[in-house]
Amino acid sequence: MDVPQVRHVATLLGHVAHIVSQVPSAIVVSELRKSYGTTEALRGVSFEIAEGEVFGVLGPNGAGKTTTVEILEGYRGRDGGDAWVLGFDPGESPRELRERIGVVLQQSELSPLLTVRETHEMFAGYYQRPRSVDDVIDLVGLAEKRNARVKTLSGGQKRRLDLGLALVGDPDLLFLDEPTTGFDPGARRAAWEMIRSLRSLGTTILLTTHYLDEAQQLADRVAVLRDGLIVRQGTPSELIGDSRLTEIRYRRDGVLAVLQTSDSTRALHELTSEALAEGRELDELEVRRPTLEDVYLELVGEEPESAQ
Amino acid sequence: MSTLLHQLRFDQKIFWRNREAAVFVFVFPLLLYALLGSVYGDLIDGVPAEDVLLAGLFGYGAATTAMGGLAITLVIRRETGVLKRVRSTPLAPATYFVAVLLSTLVTFALEAVALLALGRLLFRASMPANWLGFAGAIVLGVACFAALGVGAAALIRSAEGVSAVVNVVILPMAFLSGSFGPTNEFPAVLQAIANVLPLTYFLDIVYGVYLAGESIYADPTALLVVLAWGAAGAVVALRRFGWMPRER
Ligand SMILES: Nc1ncnc2c1ncn2[C@@H]1O[C@H](COP(=O)(O)OP(=O)(O)OP(=O)(O)O)[C@@H](O)[C@H]1O
Ligand SMILES: [Mg+2]
């Protein structure tokens, strides 16, 4: 087997790329391309994920998020470009790689007739060093449903089961394709806590989501995909920093006024001194920095960089 | 090896919990045997009717369990994404498949025992004249029809339609091959069709081991035809079977 060699090459690649941080890469993707018939789903996607990093992939429906993730999971072949996952070529999807990854698919079903515990047990049996089944069930908050059949679970509970099965092999790298879709707010917070604690234990996580607050809360870095191209990547604060507009809102004579400015100190000063001079109150005065969501909406509305 | 037994255990669990499938695959042949055994007279072609029918329903059982049951299970598992989910775990695809086949074998072996017990109880039917040959026929039947089942699963793309398609194939085949009673009064056209069906030849082998005490290779032509059908199914399965659901 030449696997150690392959891993060596990829680690080298990682080192070259991360020469500054000295952290090896868990995933290296360069110029990834994929077409379905005449649909070009990926048109040259490149990014790197350092070991231990949480990387968020954002983008509208059909942007190519699932396609990217499923190529890295070994489900789909690529038409062009390079990809390394933990030093392996995901196109060959070797057993050593499958042993070390955990997967939550955007859509999948499990045998409806097994119980939550049995399903975890079944999957745990596929790995050499699984986690304790009961610990995992507790971790994803299914303790009360331990002996319930899968078909009786609610949508959100099924999603937690998916998450549990992704964790049961004690993976070094987790792929989460919209993992919290269908979660109630409490469950979402709990999942966030869990992802943070996995991160603190050194697990690398590739996460796609449509919840911008989720990306902002969890991801060390995010990439925004649009029409098969990455239109921007960086830390959430870098992305937000790109947009220097601050929003000032207030109500005057019952009418809502919204003011966007890149010089918020001066604008606010002028606004308030004017109001003071006139002896008026600025009702519902609010100064708001853009959120990742504002930046995102700006980004997916514009032409992709490389297409210009 | 331990992973294989692990998977086999869960496959059996899933099979028996699926009541509808268990009834269709396991209970239906027994029920048909009880009904047909009560209807037919003493002898069919000079052989006790209860024995001929037991052999016939043994053959039908092999076809529904291995071919029908497997095709339905695999298509549903593939189209709902159950297979896809397993594919990214370290479980080897071959191990998964062998476990599914072994589970089918276990189910059909139990079916055969249940048929013998029922025959004994209701009609004082004969016990196999060659027990080893009878066991061999169980394995042969599962091998041939399972290969055809996986081949069919590779070609059928719809989880909703698979059960109908499978029955449209298996029931007429069983009828023409003589699973449900003698066929020598059938029109020549139907007999000609029967003469190419795998179940016809499989039943010849079953009569041989069960009643005449022969070995399973006593009739080489029959064995060859059965194996050829199995091989054809296996070729289609190997070439066309995929793990991913039908594309949107
Ligand atoms: N199996 C397939 N066959 C044909 N086209 C496909 C297939 N899978 C994806 N596509 C197309 O490729 C493009 C990217 O799809 P993909 O599923 O990667 O998007 P996504 O970013 O995950 O979207 P969503 O947010 O809706 O999950 C879409 O135009 C989609 O229609
Ligand atoms: Mg998707």
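Rules of the game
- Residues numbered from 1 in each chain as written.
- Chains lettered and ligands numbered in written order.
- Predicted model: local features only at pLDDT ≥ 70, side-chain atom pairs only at ≥ 80, totals over all residues.
- Heavy atoms only, no water.
- Helix = DSSP H or I, 4+ residues; strand = E, 2+ residues; numbered from the N terminus.
- Buried < 20%, exposed > 50% of the residue type's maximum accessible area, 1.4 Å probe, protein only.
- Areas by Shrake-Rupley, 256 points an atom, 1.4 Å probe, with all protein chains shown as cover.
- Rg over C-alpha atoms; globule rule 2.2 N^0.38 Å.
- Contact = heavy atoms within 4.5 Å.
- Lys, Arg positive; Asp, Glu negative; His and termini not counted.
- Charge placed at Lys NZ, Arg CZ, Asp CG, Glu CD.
- Buried area = accessible area lost by both parts, 1.4 Å probe.
- Salt bridge = Lys/Arg side-chain N within 4 Å of Asp/Glu carboxyl O.
- Polar contact = N/O pair within 3.5 Å; in protein donor to acceptor, adjacent residues only side chain to side chain.
- Pairing = 2+ DSSP bridges.
- Axes fitted to C-alpha atoms, helices over the stretch in contact; angles between N-to-C directions.
- Donors = N, O, S within 2.8 Å, 3.2 Å for Na, K, Ca; no water.

Can you lay out the overall build of chain A for me, pointing to particular residues and giving the numbers?
Summing up its helical and strand segments, chain A has eleven helices and twelve strands in all. For chain A, buried positions account for 50% of its 308 residues. For chain A, the exposed surface amounts to about 14500 Å²; the carbon and sulfur share of it is 48%.

Residue-level account of the overall build of chain B, with values.
On a plain count of helices and strands, chain B comes out with ten helices and two strands. Taken from N to C terminus, the helices and strands of chain B fall in the order α-α-β-β-α-α-α-α-α-α-α-α. For a compact globule of 248 residues, the expected C-alpha radius of gyration is about 18 Å, and chain B comes in at 18 Å, within 12% of that figure. Based on the C-alpha atoms only, the size of chain B along its principal axes is roughly 55 × 40 × 30 Å. Counting every position in chain B, which comprises 248 residues, the buried fraction comes to 53%. A separation threshold of at least 6 residues defines the contact pool for chain B, and within that pool the share at least 24 residues apart is 80%. With an accessible surface of roughly 10900 Å², chain B has 69% of that area assigned to carbon and sulfur atoms. Here chain B holds 16 positive side-chain charges and 14 negative ones, and the gap between their average locations is 21 Å.

Quick rundown of the interface of chain A and chain B? Include the residues and the values.
Facing the 27 residues of chain A at the interface are 24 residues of chain B. With both sides pooled, the region where chain A packs onto chain B buries about 2400 Å², and carbon together with sulfur makes up 58% of that total. When residues of chain A are sorted by the area they lose upon contact with chain B, A:Tyr75, A:Arg98 and A:Tyr126 head the list and together hold 28% of the total. At the junction of chain A and chain B, the tally comes to four salt bridges. One salt bridge connects B:Lys84 with A:Glu70, and the closest N-O pair in it is separated by 2.7 Å. At the surface where chain A touches chain B, the tally comes to 13 residue pairs in polar contact (both at pLDDT 80 or more). Listing elements by their share of the side of chain A that touches chain B, those giving two or more residues are α2 (65-73), α3 (95-100), β5 (101-104), α4 (116-124) and α6 (155-167) of chain A.

Residue-level account of unusual backbone geometry, with values.
Residue and element names in this part refer to chain A. Positioned with a positive phi, Leu86 is a non-glycine residue whose angle comes to about 50 degrees. Topologically, Leu86 is positioned in the loop between β4 (80-85) and α3. We classify Leu86 as buried; its relative accessible area is 8%. At Glu284, a position not held by glycine, the phi torsion is positive, near 55 degrees. Residue placement: Glu284 occurs in strand β12 (residues 283-288).

How would you explain the sheet that holds strand β7 (residues 204-208) of chain A if you had to name every residue and give the values?
Residues and elements named next belong to chain A. Judged by pairing direction, the sheet is mixed, and its six strands sit side by side in the order β5-β6-β7-β3-β8-β9 without closing on themselves. The sheet is open, and its two borders are formed by β5 and β9 (229-234), each paired with just one other strand. Taken pair by pair, the neighbouring strands of this sheet meet at an average axis angle of 15 degrees, ignoring direction.

Give a detailed account of the coordination of the magnesium ion (ligand 2), specifying residues and quantitative values.
Geometry sets the ideal angles at a metal, namely 109.5 degrees for four tetrahedral donors and 90 or 180 degrees for six octahedral donors. Residues and elements named next belong to chain A. Note on the magnesium ion (ligand 2): its protein donors are Thr66 (OG1) and Gln106 (OE1). The metal-donor distances range over 1.8 to 2.1 Å. Taken together, the residues Thr66 in helix α2 and Gln106 in the loop between β5 and α4 connect sequence positions 40 residues apart. Residue class for Thr66 comes out buried when judged on its relative accessible area of 17%. A residue is classified by how much of its surface remains accessible, and Gln106, at 35% relative accessible area, is partly exposed.

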